[in-house]
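# Examination of the molecular architecture
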Amino acid sequence: MFTTPLELSGPLRSPRNLLLDQTYGDHASIHDPATAQQLGVAGAAVEGPTHFSQYDPLAGRMWGEKWFTDGCLSAHFEAICLEGEQTRATAAFTEDRADIRTLKEDGTVVLSGTATLGDEPTALDGRLARLRPLERPVIFEGWTPGRRGARPEHVRMDFDTHMGDLYPFTLRRKLETITETSPWYTGADNPWGRPIVPIEMISVLSMATWAESGLVKAEPSVGLFLDLQIRLLGSPVFVDAPYTLEREIVALGETRRTETAWVRTTVTSDTTGSAVAEVLLHQGVFKESYPSYPA
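Read on for a plain summary of the structure. Since this is a predicted model, take the numbers as computed values, not measurements.

About the thresholds
- Residues numbered from 1 in each chain as written.
- Predicted model: local features only at pLDDT ≥ 70, side-chain atom pairs only at ≥ 80, totals over all residues.
- Heavy atoms only, no water.
- Pairing = 2+ DSSP bridges.
- Helix = DSSP H or I, 4+ residues; strand = E, 2+ residues; numbered from the N terminus.
- Axes fitted to C-alpha atoms, helices over the stretch in contact; angles between N-to-C directions.
- Core = buried A, V, L, I, M, F, W, Y, C linked by side-chain atoms within 4.5 Å.
- Buried < 20%, exposed > 50% of the residue type's maximum accessible area, 1.4 Å probe, protein only.
- Contact = heavy atoms within 4.5 Å.
- Salt bridge = Lys/Arg side-chain N within 4 Å of Asp/Glu carboxyl O.
- Phe/Tyr/Trp six-rings, centres within 6.5 Å; stacked < 30°, edge-to-face > 60°.
- Lys NZ or Arg CZ within 6 Å of the ring centre and 35° of its normal.
- 1 Å grid on protein atoms, 1.4 Å probe; cavity = no way out; pocket = protein on both sides within 12 Å on 5 of 7 lines; lining within 4 Å.
- Points joined across faces, edges and corners; volume = space filled by probe spheres on them.
- Nonpolar A, V, L, I, M, F, W, Y, C, P; charged D, E, K, R; others polar.

## Section: the sheet that holds strand β1 (residues 6-9)
- One open sheet accounts for 10 strands, arranged β1-β5-β6-β7-β4-β9-β12-β11-β10-β8; its pairing is antiparallel. Single-partner strands in this sheet number two, and they are β1 and β8 (153-156). Across this sheet, the average inter-strand angle for adjacent strands is 25°, counted without regard to direction.
- Two elements, strand β4 (residues 71-77) and strand β7 (residues 109-117), share 7 bridges in a ladder whose sense is antiparallel.

Spelled out as structure tokens, the structure:
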């Protein structure tokens, strides 16, 4: 048993923004420089899940292959990272839990949260419990906790699958730019004898068919990720394997500038019939980006 936390940190990395051409609701996103600047953001944001890969070597060092079958990364995004900025992952481990932070070179905290194994409590458990509820949604009008997606959605990610307007790149392109490479992502040289989807790309897989969910917000409006949790449930997610996605609205909230929604997506293997991952996304939408928002 640990008597004091074991501190680990990774090297400085340069996350890449692959979402310059992202569109939703027929307009650009905060990952577009002009759109970001209109909202008072310094530049086009690197997508939050991109930072998750910097924890794989640290958690893999502590927990081995179990990290890739039972790991959970739970993060609150605190500051936007721009392409060209460098970041470092840090983690303080105690048995099946670590407190994590991603830092820029100047010490700015990009994200904070937890890395855990199994059913250990996570950072987002606490944040969800402290939620300021949204009483009268405007951008998320018609959304209510407990509402489910319109139907199960079917998805498969091979190396050259174009993942849609939300993610205008392929897994092969991601692997060319990912902050932490591994032969486990590209071939059979791993404990499962087939390539696995990087944990950060499970977020992409879970969002690729969002247009089929029936969960439609008011447009035009611009959002960003506030919190993200990716939990594996006993298995990696495999490349070129069929999965079914099911969604449920967990909660609605707001801040001074945003309306927010928490949505849980369950990823189930079509081959085994078992759930293999859960993605909990807390997305905020800028009130000022929706022209019809009440004063």
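## Quick look at the nonpolar core
- Ranked by internal contacts, the top residues of the largest apolar core, which has 69 residues, are Trp67, Trp143, Tyr167, Val237 and Tyr243.
- In terms of residue count, the dominant contributor to this core is helix α6 (residues 199-207) (6 residues).
- Ignoring sequence-local partners within four residues, the contact set of Val237 consists of Ile196, Val197, Ile202, Leu205, Leu232, Tyr243, Val276 and Ala277.

## Points about the pattern of salt bridges
- A complete count under the given rule lists 15 salt bridges for this structure.
- Put simply, Arg127 and Asp227 hold a salt bridge, and the shortest N to O gap is 2.6 Å. Here the residue Arg127 occupies a position in helix α4 (residues 123-129), and Asp227 occupies one in strand β9 (residues 223-232), the gap between them amounting to 100 residues.
- Using a relative accessible area of 26% as the deciding quantity, one classes Arg127 as partly exposed.
- In this structure, Arg247 engages Glu153 in a salt bridge whose closest nitrogen and oxygen atoms are separated by 2.8 Å. One end of the pair, Arg247, is in strand β10 (residues 242-254); the other, Glu153, is in strand β8, and 94 residues separate them in sequence.

## Thoughts on the packing of aromatic side chains
- Following the criterion strictly, the structure yields 8 aromatic pairs and no others.
- An angle of 25° between the planes, with centres 6.3 Å apart, marks the rings of Phe52 and Phe77 as stacked. Remark: Phe77 occurs in strand β4 and Phe52 occurs in the loop between α1 (33-38) and α2 (56-63); sequence separation between them is 25 residues.
- Judged by relative accessible area, which is 1%, Phe52 ranks as buried.
- Among the residues examined, Phe77 registers a relative accessible area of 12% and is labelled buried.
- Taking the centre distance of 5.5 Å and the plane angle of 85° together, the rings of Trp184 and Trp192 count as edge-to-face.
- Classification of Trp184 by relative accessible area gives partly exposed; the value is 22%.
- Looking at Trp192, the relative accessible area reads 22%, which means it is partly exposed.
- Pairwise contacts between aromatic rings join Trp63, Trp67 and Phe93 into one cluster.
- A cation over a ring is seen here: Arg194 above Phe238, with NZ or CZ 4.3 Å from the ring centre.

## A short note on the pairing of β4
- Among the 7 residues in β4, 7 count as buried, and that is most of the element.
- Two strands pair when backbone bridges link them, and β4 and β9 are joined in this way by 5 bridges, in the antiparallel orientation. In the strand pairing of β9, His76 is matched with Asp227.

## Quick look at the layout of surface pockets
- When its volume is computed, the second largest pocket comes out at roughly 180 Å³.
- Lining the second largest pocket we find His76, Arg127, Arg130, Leu131, Arg132, Leu226, Glu254, Thr255, Thr260, Trp262 and His282.
- Counted by class, the lining of the second largest pocket contains 3 nonpolar, 4 polar and 4 charged residues.

Fair warning: the whole summary comes from geometry, so function is off the table for now.
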